[in-house]
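Structural description and commentary
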Amino acid sequence: MNKIIDGKETAKQIRTEIKEEVLVLKEKYGKVPGLAVVIVGEDPASKVYVNSKVRACEELGIYSEKHVMKAETTEIELLELVDSLNKNENIHGILVQLPLPKGLNSKLIIDSIAKEKDVDGFHAENIGKVLIGEEDTFKSCTPYGVVELLKRYELPISGQDIVIVGRSNIVGKPLAALLINESATVQVCHSRTKNLEEKVKQADIVVAAVGIAKFIKGSMIKDGAVVIDVGINRLEDGTLCGDVDYEQAKEKASYITPVPGGVGPMTIAMLMKNTLISFERTMK
Ligand code: NDP
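Presented here is a report on the structure given in the accompanying data block. (Residues numbered from 1 in each chain as written. Predicted model: local features only at pLDDT ≥ 70, side-chain atom pairs only at ≥ 80, totals over all residues. Heavy atoms only, no water.)

**Some remarks on the side chain of Lys 53**
In this fold, Lys 53 is placed in helix H2 (residues 44-60). Among buried charged residues, Lys 53 stands out as having no salt bridge; its nearest opposite-charge side chain is Asp 120, 5.3 Å away. For Lys 53, the residues in contact, after removing those within four places along its chain, are Leu 95, Gln 97, Ile 268, Leu 271 and Met 272. (Helix = DSSP H or I, 4+ residues; strand = E, 2+ residues; numbered from the N terminus. Buried < 20%, exposed > 50% of the residue type's maximum accessible area, 1.4 Å probe, protein only. Lys, Arg positive; Asp, Glu negative; His and termini not counted. Salt bridge = Lys/Arg side-chain N within 4 Å of Asp/Glu carboxyl O. Contact = heavy atoms within 4.5 Å.)

**Notes on the site of the ligand**
Taken together, 22 residues lie around the ligand, and Arg 167, Ser 168, Ser 191, Ile 232 and Thr 267 are the ones closest in. Take Ser 191: an N or O atom from its side chain is 2.5 Å from an oxygen atom of the ligand. For the ligand, the accessible surface in isolation is 930 Å², of which the surrounding protein chains cover 69%. Top element by residues in the shell around the ligand is helix H10 (residues 263-283). It accounts for three residues. Its residues placed into classes, the shell around the ligand shows 10 nonpolar, 10 polar and two charged. (Near = heavy atom within 4 Å. Polar contact = N/O pair within 3.5 Å; in protein donor to acceptor, adjacent residues only side chain to side chain. Areas by Shrake-Rupley, 256 points an atom, 1.4 Å probe, with all protein chains shown as cover. Nonpolar A, V, L, I, M, F, W, Y, C, P; charged D, E, K, R; others polar.)

**What about the sheet that holds strand E3 (residues 93-96)?**
Here we have three strands laid out as an open sheet, ordered E2-E1-E3, and parallel in their pairing. Strands with a single pairing partner mark the edges of an open sheet, and in this sheet they are strand E2 (63-69) and E3. The mean inter-strand angle of the sheet, taken between neighbouring strand axes irrespective of direction, is 15 degrees. Helix H3 (residues 75-87) rests against strand E1 (34-40), E2 and E3 of the sheet, and its axis sits at about 170 degrees to E2. (Pairing = 2+ DSSP bridges. Axes fitted to C-alpha atoms, helices over the stretch in contact; angles between N-to-C directions.)

**As for the pairing of strand E4 (residues 161-165)**
Burial runs high along E4: four of the five residues are buried. As defined by bridge partners, E4 adjoins strand E5 (residues 185-189) across five bridges and the pair is classed as parallel. Bridged to Asp 161 within E5 is Thr 185. Each parallel crossover has a hand, and for E4 linked through helix H7 (residues 172-181) to E5 it is right-handed. Bridge analysis of E4 against strand E6 (residues 205-208) gives four bridges, and the strand direction is parallel. Along E6, the bridge assignment pairs Ile 162 with Ile 205. (Right-handed = clockwise from strand over helix to strand, strands pointing away.)

See below:
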């Protein structure tokens, strides 16, 4: 059995589906979805992420705008930009790349994005709607990508014991909500969790979102478990690795995501999907 969950290939399939749908909608309405990406300051990783998002838009026929702001940008200037994008009818999705430079209140800025255009799914109201299982929301892209990977590989979620290691607002918590909505039994672990190893060992599906290279060892994985590695860590030699010790864990897992090429490519694919969903909602 092929045990690798190929996120790169799955993301490619999703992008192809989106590209086709964009063409159909363009034919029907004479308009295409639009995404505005805002970057403040010079963070090198943020620049790479923003450029890959813009490239993805170009590939799929989605209109995109990149707004590059100086690190000294004031909160008022940023709020004014978001406000103008909120009102712009050609823009269906707005993404403010995080982290923002010190002195800018991320929560205030994110919550100023119109919730109907919050394609990152970070607006407090959208997160709340995910929690209560409402559909007219945006699922945060990385958790959405994890669920999509499990579904496209037809791996059961309902009734499964799932352990997520990491409780961040962008991965662990929203993912827990999505998986509970899919009828999984979910435990969310973090740095204060007692007997973490024993908890992980019980899991049918383990999701690692810790931010520590190779934190989850093969000995912590139950035979036949599904292992999803959200982590992206750069090692001293410049290579990327996940939060799971892949070489060890793949000997135990029935299915496992590699890093790179697992969850990572899904995040941008789901951002494109959310932008398409937003456009379709405005056309209804
Ligand atoms: P955060 O740093 O926000 O959260 C890390 C979580 O891990 C926290 O809940 C923390 O616990 C927990 N943790 C840290 N140390 C331990 C420990 N020793 N034992 C148990 N739990 C621990 O990270 P993110 O959620 O933002 O990201 C997690 C990883 O996923 C990173 O590698 C990041 O690069 C990657 N990532 C990948 C994405 C993708 O597209 N593939 C997107 C987003 C993130 P506590 O809350 O108690 O501090």
